[in-house]
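Chain and residue survey
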Amino acid sequence: MNNASFFPFERNRYFYGKLLTVRDFEVEQRYHCTKRELLNRLVHGAGVVCGLGVTASDESTLMIESGLALDYQGREIVVPEPLFRKLPMLEGQETLSGKQDAYLCLAYAEEDVEPVNATGAEVGSQRQFDLTREGFRLFLTAEPPAYQSLLEASGQENVSVLYQSDELILVLSLPSTLCAGEEFQVQVLVVKNEKTPPVQFSLEGENTFAESDNGRVRLAWRESREEKRCVYTVDFSLRAKALSDVDAQLFSGGCELNVELGSHHYKNYLNVEAAVHLCRSQEECRLRRRRQDDLARHLRGRDLPLYLAKLELIHSAAGAFIGGVTSLPFQQAVKGEGKAKGDGSTDLTVTTSVRSLEYWQKPDVKAVYQPSTGALHLDFGIPSPEQYDYAIAHGTVDLTMPGGIRVNSRVFSQEIAHGLGAGAVDVRLSVEFVDQEREETALLCGNSEVFRHKSIKIAPPWVEAAALIYPERGTMRIGLWLHDTVEGNLVRVHYFAQKPERDTNRILSQRRISLSLTPEFSRLGCREKLQFQAEVVGSEDKSVTWSIKEENGGVIDRNGLYQAPELPGTYEITAVSGADESVTASAFVIVE
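Remember, it's a predicted structure, so these values are computed and weren't measured experimentally.

**Side note on the overall build of the chain**
Helix and strand counts for the chain stand at five helices and 41 strands. The C-alpha atoms of the chain give 36 Å as radius of gyration, which overshoots the globular expectation for 592 residues (25 Å, by more than 25%). C-alpha extents for the chain along the principal axes are approximately 120 × 100 × 40 Å. For the chain, the proportion of its 592 residues judged to be buried stands at 39%. For the chain, the proportion of contacts with a sequence separation of at least 24, taken over those separated by at least 6, is 65%. Accessible surface, the chain as shown: approximately 34,100 Å² in total, 49% of it carbon and sulfur.

Here it is as C-alpha cells:
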C-alpha cells in the first residue's frame, strides 16, 4: 500500500453481527503492511538486499540485474528479471543534456490493474480495479543527492559538505559520542568524475579532544593515479584524549581546507559544525548512544531513492552515451547477518567501467585493488564493431537483343573485368530505359512489375538481370531474362561493384591524434602570465590536462593560463590529450 504514514496502528475489532465494508478491509491490509514495513526499516534498514547490479551492455544500454531492495519506508522493491534499458527510454533522460554524470535511481511504485464494473457503486465510480500491483520505478537524474540526508539516513553523524563543484564533492562525517582514550574514525566521502585529475586535499585546524603533537589535527589525502573509483570513502584514524564529560568541536576555531585537482588549487577557511561528547567509560558511552537512538532517527530520509549507479556521460551530436558505470556508489545495501559486527573483516566493494576499443584490438580487463578500503575496480575494454572501407567500380554493358520473338528468352554478355581485381565483390545491376512520362533516362533496380499499374504511366522493360562473378580472375558475366518484348536492338545494363577492404594501417593513420602547443618557447619575467593554446588534431575531444614538470615551476590552470614563479630558470609545460593519454606535447618557458 502506498501509504507513508506508520502511526497510529489500528486494527479491526471483530464481533458477531459486524458489517464489514471496504474501509474495514483497507484497515486490515494497512495494519499488516505498515507493521511489516516498520520492522523492515528498523531491523534491516534500507538498501539493496541482493542483486540489482548495474553494468553497461553497450555505449547506450544499461543492464540491471534482478534483485530485491528495501526503500526508506521499509517497502519491498522486487525486480523479478534482468532488465536492458536504453538511455533514451529511461524516465528523466531529457534532463541529461550537457551533464557530465547522472544517477540511475530505483523507487517503489504501484498501480491498479484489472478494471471491472463495480455494481452498486456510487454514480460516476462504476469502473474500479480488482488488484493493486506492486512494482518499481527506474529513472535518471542529473541532480546530485542530498548528501547530508543520505548519510544521516544510513546512520552517519556530524555530516558536513566540505567542498562541492562539478568535478569533486567532499563530505565529512564522524561519531557524535566517543569514549575517552578510544580510537575513532573521521570519514570523508569523495565523489568525482571519471576525468577528474587525481584528488589531493587537506583539512587542518585546532582540536581540543584528539591526541596530537601541537594541539592541531590535520587530515590529508593524496589519491593514487591508479584509483579508478568515482565514489569512495577515506578513513582517518584519531584517538580521543583521556577526558570525560567534555563537549567539543572537531575544529574549535575553524579549519583550513586545501584542494588540488591537477593544476587547479582551492583554499578556504570553514566552520565545520561537528559536535562531539566524550564519555568517561564504555558503559556511559553505550547508555548515551542508546538514549539518542530514538524512533525518529531510524525513520530519516523516507523520500530518498536508492541510487543504483553513477553514470559517466559522453555527449555527441547523436545524444548521450555511457562512458563509465559505478554500481551502488553510496553503498545503499542491507548488511547480511552472516558477518558478526566487529569481526575485523571488510566488505569487498566491486565497481566496473567499460572502455570502447578499436575493432582490431583484443578485449582486455584491468583490475585495481585498494587493500586499505577493500575496493576492487574492474575496467573492461570492449572492441567496437568492425569497420570497413570499400573500393567501388561502376560501368555499363550493352547486350544485343535476339531477333524474332523475344518473350522468355535470355541474353548474356562476354566475360568482362569489373575493375576491382581478384576477391569477393558485391555487384548490383540496373537496366537503363527511357521514362516516357518525364522524357529522360532512368535506371530500373529490382522488379519492374512494381511500376506496372494503371495509375502510373512509367513503362520499364519487363526483364530481370543477374551477374555471375569469378573471384579468382576478377571478372564477371551479366545476363538478362526477357519476360516480354523489348523495344530496340540493345539493352544497356549498369553495374555497381564494391569490395570491402580492411587496411588497418591506413585507418590508423587517418585516426592518428596529434597535439601541439603555442607558443613552444617563451621568455617571461618573474610572476608574469602567459596564455598557452593547445591544438588537438584527429579527435572530436579537444580537452587537455596541463601540468608543470618541475617542482615550484609556477602554476597553470585548466585553461592553459600560466603564471611564472619568483625563481628564475627554465621550466617545461606539458599537455596530455584527453582523448589519448599517450599523446603529449611540451613547451618551454625561460623565466628571467
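**A look at the nonpolar core**
Counting 48 residues, the largest nonpolar core has Leu62, Ile64, Leu104 and Phe330 as its most contacted members. Considering every element that reaches this core, the biggest residue donor is strand E7 (residues 101-117), with seven residues. Beyond its immediate chain neighbours, meaning those up to four positions away, Leu104 contacts Val54, Leu62, Ile64, Leu90, Leu138, Phe139, Leu140, Leu306, Tyr307, Leu308 and Ala309. By size, the runner-up hydrophobic cluster in this structure holds 35 residues, among which are Tyr163, Val190, Phe236 and Leu270.

**Looking at the confidence of the model for the chain**
Close inspection of predicted coordinates is inappropriate for parts of the model with low pLDDT. Of all residues in the chain, 91% attain a pLDDT of 70 or more, and the chain-wide mean is 83. In the model of the chain, helix H5 (residues 504-511) stands out as the element of lowest mean pLDDT, 55, in contrast to strand E4 (residues 67-70), which has the highest, 93. Across residues 337-346, confidence stays below pLDDT 50; counting only partners more than four residues off in sequence or on other chains, it has six contacts.

**Brief notes about the pattern of salt bridges**
Summed over all chains, the structure comprises 23 salt bridges. The partner of Asp101 in a salt bridge is Lys310, with the nearest N and O atoms 3.5 Å apart. Here Asp101 is found in strand E7, whereas its partner Lys310 is found in strand E20 (residues 306-316), with 209 residues between them in sequence. Relative accessible area serves as the criterion here: at 14%, Asp101 is assigned to the buried category. Lys310 sits in the buried class, given a relative accessible area of 1%. Between Lys192 and Glu223 there is a salt bridge; the shortest N-O distance is 2.8 Å. A residue pair is termed long-range when its members are at least 10 positions apart, and Lys192 in strand E12 (residues 183-192) and Glu223 in the loop between strand E14 (216-222) and strand E15 (231-239) qualify at 31 residues. A single burial state applies to Lys192 and to Glu223, both of which are buried. What emerges from the salt-bridge pattern is a single network uniting Asp101, Lys310 and Glu312.

**Structural notes on unusual backbone geometry**
Cis geometry marks the peptide bond from Thr518 to Pro519, where omega comes out at -5°. One non-glycine residue, Glu114, adopts positive backbone phi at about 60°. Relative accessible area serves as the criterion here: at 43%, Glu114 is assigned to the partly exposed category. Residue Asn158 is not a glycine yet carries a positive backbone phi of 50°. Tracing the backbone through its elements, the reader meets Asn158 in the loop between helix H2 (147-153) and strand E9 (160-164). When its relative accessible area of 15% is taken as the criterion, Asn158 is described as buried.

**Comments concerning the sheet that holds strand E16 (residues 246-249)**
Consider a sheet: its strands pair through backbone hydrogen bonds, and that pairing is either parallel or antiparallel. If you walk across this open sheet you meet the three strands as E11-E19-E16, and the pairing is mixed. The open sheet has two free edges, formed respectively by strand E11 (177-179) and E16, since each of these has just one partner strand. With direction set aside, neighbouring strand axes in the sheet form an average angle of 30°. Pairing of E16 with strand E19 (residues 275-279), which is carried by four bridges, proceeds in the antiparallel orientation. Bridging from a neighbouring strand, Asp247 pairs with His277 of E19. Across the sheet, helix H3 (residues 282-292) lies against E11, E16 and E19, angled at about 170° from E11, the strand it touches most.

**Topic: the pairing of strand E2 (residues 54-58)**
Remember that side chains alternate between the two faces of the sheet whenever the strand is regular. Pairing between E2 and strand E3 (residues 61-64): four bridges, direction antiparallel. Each residue of the ladder has a partner; that of Ala56, found in E3, is Leu62. Connecting E2 to the next strand, E3, in antiparallel fashion are two residues.

**Structural notes on the environment of Val555**
Mapping Val555 onto the fold places it in strand E38 (residues 555-556). For Val555, a relative accessible area of 37% translates into the label partly exposed. Val555 sits 10 residues away from Pro565 along the chain, and the two C-alpha atoms are 7.6 Å apart. Beyond its immediate sequence surroundings of up to four residues, Val555 is in contact with His265, Ile548, Leu561, Tyr562 and Gln563.

**Quick look at the state of the cysteines**
On inspection of all chains with the given rule, the structure shows zero disulfides. A disulfide-free cysteine, Cys105 has its sulfur positioned 16 Å from the sulfur of Cys230, the nearest such atom.

**Concerning the side chain of Ser60**
Here Ser60 lies in the loop between E2 and E3. Judged by its relative accessible area of 14%, Ser60 falls in the buried class. Among all residues touching Ser60, those that are not within four sequence positions of it are Arg85, Lys86, Leu87, Phe321 and Ile322.

**A closer look at a nonpolar patch on the surface**
Together, Leu39, Leu42, Val43 and Leu295 make up a nonpolar patch on the protein surface, roughly 340 Å² of accessible area in all. The biggest single contributor to the nonpolar patch is helix H1 (residues 22-44), with three residues. Within the secondary structure, Leu42 is located in helix H1.

What counts as what
- Residues numbered from 1 in each chain as written.
- Predicted model: local features only at pLDDT ≥ 70, side-chain atom pairs only at ≥ 80, totals over all residues.
- Heavy atoms only, no water.
- Helix = DSSP H or I, 4+ residues; strand = E, 2+ residues; numbered from the N terminus.
- Rg over C-alpha atoms; globule rule 2.2 N^0.38 Å.
- Buried < 20%, exposed > 50% of the residue type's maximum accessible area, 1.4 Å probe, protein only.
- Contact = heavy atoms within 4.5 Å.
- Areas by Shrake-Rupley, 256 points an atom, 1.4 Å probe, with all protein chains shown as cover.
- Core = buried A, V, L, I, M, F, W, Y, C linked by side-chain atoms within 4.5 Å.
- pLDDT = per-residue confidence, 0-100.
- Salt bridge = Lys/Arg side-chain N within 4 Å of Asp/Glu carboxyl O.
- Pairing = 2+ DSSP bridges.
- Axes fitted to C-alpha atoms, helices over the stretch in contact; angles between N-to-C directions.
- Disulfide = S-S within 2.5 Å.
- Patch = residues over 30% accessible without salt bridge, like charges linked within 9 Å, V, L, I, M, F, W, Y side chains within 5 Å.

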